[in-house]
Amino acid sequence: MNVSPVLVAVFVLCMGAMLLLLYFFYDYLVYFIISLFVLASIISVYNCVEPSVKRLSIGTYRLPNCNFLCCKGSLQVYQVVVLLFAVTLAVTWVIIRKESYSWILQDILGVAFSINMLKSIRLPSLKICAILLVLLFFYDIFFVFITPFLTAKGESVMVEVATGGSSQEVIGPMCEYLLSQIGPMCEYLLSQIGPMCECLLSQIGPMCECLLSQIGPMCECLLSQIGLMCEYLLSQVGLICEYLLSQIGPMCEYLLSQIGLMCEYLLSQIGPMCEYLLSQIDPMCEYLL
């Protein structure tokens, strides 16, 4: 599947719309998201494991034909085993999803999902990748840092959806832990950034002075060279214009002389034609009258 810039923009807009729906209707849509994640995990794990098992050339016996839901045709034994393995992983995550250690299995399913997406969707150029990353960058900034100024309670839409708000269901169990660690990490980083900024600012002053002292002579040299180049270009443009004007004059005279001859020829032909038409019109008028 090839991706276009329009499809990338639509994808990011759909992500934003889905995040807003989760923010307002989290208690209802969370189970829909969990169901989608389970289905996508089963398909992804199957697509990631099936090629490796196929290389082992075991369980190649074909089962009888079946027409159940999406399974149509004859399946091999190893395909059924891989499918059962994928379903078992997804169902296990559903059962233990509220446990503190469930993030391990969730990350495994997420890695399989990412690999399957990379296998299925093709980004044809660096331009598409850049557009996608830029849009996702502003998407994260808006929903994490700007939405607190737009919501009634001053809540971040992204944080509320990630932590589940007032609901008992949390899409990512690790989100709670990470969010609890973000505060101390930010304080530590800010305490370290202050001295670093002071050091950088103290170094920037002398560097700027040095650069400005070097830039002045360079600018003067560049301007003098630009002036000489402009004078040369203007002199060449003048010569080209003179040459063109000298060539245009004779061409215009020749064209006018040819136009005059053509007009004379046309007038010489129009006269006899008009006389002939008039000579024919008179008998026709007499006949009609």
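Rules used in this analysis
- Residues numbered from 1 in each chain as written.
- Predicted model: local features only at pLDDT ≥ 70, side-chain atom pairs only at ≥ 80, totals over all residues.
- Heavy atoms only, no water.
- Helix = DSSP H or I, 4+ residues; strand = E, 2+ residues; numbered from the N terminus.
- Buried < 20%, exposed > 50% of the residue type's maximum accessible area, 1.4 Å probe, protein only.
- Contact = heavy atoms within 4.5 Å.
- Areas by Shrake-Rupley, 256 points an atom, 1.4 Å probe, with all protein chains shown as cover.
- Core = buried A, V, L, I, M, F, W, Y, C linked by side-chain atoms within 4.5 Å.
- Axes fitted to C-alpha atoms, helices over the stretch in contact; angles between N-to-C directions.
- Parallel < 35°, antiparallel > 145°, perpendicular 65-115°, else oblique.
- Nonpolar A, V, L, I, M, F, W, Y, C, P; charged D, E, K, R; others polar.
- Phe/Tyr/Trp six-rings, centres within 6.5 Å; stacked < 30°, edge-to-face > 60°.
- Left-handed = near helix turned anticlockwise from the far one by under 90°.
- Patch = residues over 30% accessible without salt bridge, like charges linked within 9 Å, V, L, I, M, F, W, Y side chains within 5 Å.
- Salt bridge = Lys/Arg side-chain N within 4 Å of Asp/Glu carboxyl O.
- pLDDT = per-residue confidence, 0-100.
- Polar contact = N/O pair within 3.5 Å; in protein donor to acceptor, adjacent residues only side chain to side chain.

### What to know about the overall build of the protein
For step 1, the next point in the chain: From N to C terminus, the protein includes seven helices and two strands.
For step 2, the next point in the chain: Listing each helix as α and each strand as β along the protein from the N terminus yields α-α-β-β-α-α-α-α-α.
For step 3, the next point in the chain: Here the protein, with 289 residues, has 18% of them falling under the buried criterion.
For step 4, the next point in the chain: Partitioning the intrachain contacts of the protein with sequence separation of at least 6 by distance along the chain shows that 61% fall at a separation of at least 24.
For step 5, the next point in the chain: Entry remark: accessible area of the protein is about 21,800 Å², with carbon and sulfur atoms responsible for 73%.

### Looking at the nonpolar core
For step 1, the next point in the chain: In this structure, Leu19, Val38, Val45, Trp93, Tyr139, Phe143 and Val161 are the most contacted members of the largest nonpolar core, which totals 31 residues.
For step 2, the next point in the chain: For this core, the element with the most residues is helix α2 (residues 26-55), which contributes nine residues.

### Remarks on the packing of helix α1 (residues 5-24) against α2
When two helices pack together, their arrangement is given by the angle between the helix axes and by the axis-to-axis distance.
For step 1, the next point in the chain: Between α1 and α2, the least distance of the axes is 6 Å, while the angle of their chain directions is 130°. When the axis of α1 is compared with that of α2, the two are oblique. In this structure, α1 contributes Met18, Leu21, Leu22, Tyr23 and Phe24 to the contact, and α2 contributes Tyr26, Leu29, Val30, Phe32 and Ile33.
For step 2, the next point in the chain: Its residues assigned to classes, the contact of α1 with α2 shows ten nonpolar, no polar and no charged.

### Examining the packing of aromatic side chains
For step 1, the next point in the chain: One pass over the structure, following the stated rule, counts five aromatic pairs.
For step 2, the next point in the chain: With 5.1 Å between their ring centres and 80° between their planes, Tyr23 and Phe24 make a pair best called edge-to-face.
For step 3, the next point in the chain: Where Phe137 meets Phe138, the ring centres are 5.3 Å apart and the plane angle is 75°; that geometry is what we call edge-to-face.
For step 4, the next point in the chain: Its relative accessible area of 48% is what places Phe137 among the partly exposed residues.
For step 5, the next point in the chain: The exposure class assigned to Phe138 is exposed, which follows from its relative accessible area of 52%.
For step 6, the next point in the chain: Clustering of aromatic rings is evident, with ring pairs tying together Tyr139, Phe142 and Phe143.

### Some words on the packing of helix α3 (residues 77-96) against helix α4 (residues 102-120)
For step 1, the next point in the chain: Remark: α3 packs on α4, axes separated minimally by 10 Å, with the N-to-C direction vectors making an angle of 145°. Where α3 crosses over α4, the handedness of that crossing is left-handed. Residue-level inspection shows Leu89, Ala90, Thr92, Trp93 and Ile96 of α3 in contact with α4, the latter providing Ser102, Leu105, Gln106 and Leu109.
For step 2, the next point in the chain: Its residues placed into classes, the contact of α3 with α4 shows six nonpolar, three polar and no charged.

### Focus on a nonpolar patch on the surface
For step 1, the next point in the chain: There is a patch of nonpolar side chains on the surface, built from Leu20, Leu21, Phe24, Phe25 and Tyr28 and spanning about 580 Å² of accessible area.
For step 2, the next point in the chain: For the nonpolar patch, the element with the highest residue contribution is α1, accounting for three residues.
For step 3, the next point in the chain: Its location among the elements puts Leu21 in helix α1.

### Structural notes on the confidence of the model for the protein
For step 1, the next point in the chain: Here the protein averages 81 in pLDDT, and 84% of its residues register 70 or above.
For step 2, the next point in the chain: Looking across the protein, the model is least confident in strand β1 (residues 66-68), with a mean pLDDT of 59, and most confident in α3, with 92.
For step 3, the next point in the chain: The low-confidence segment residues 173-183 (pLDDT under 50) makes ten contacts with residues lying over four places distant or belonging to another chain.

### Here we look at the side chain of Thr151
For step 1, the next point in the chain: Inspection of the secondary structure puts Thr151 in the loop between α5 (126-146) and α6 (157-163).
For step 2, the next point in the chain: Classification of Thr151 by relative accessible area gives buried; the value is 16%.
For step 3, the next point in the chain: A distance of 2.8 Å separates a polar atom in the side chain of Thr151 from the backbone nitrogen of Glu155.
For step 4, the next point in the chain: Apart from residues no more than four positions distant in its own chain, Thr151 is found in contact with Tyr23 and Val157.

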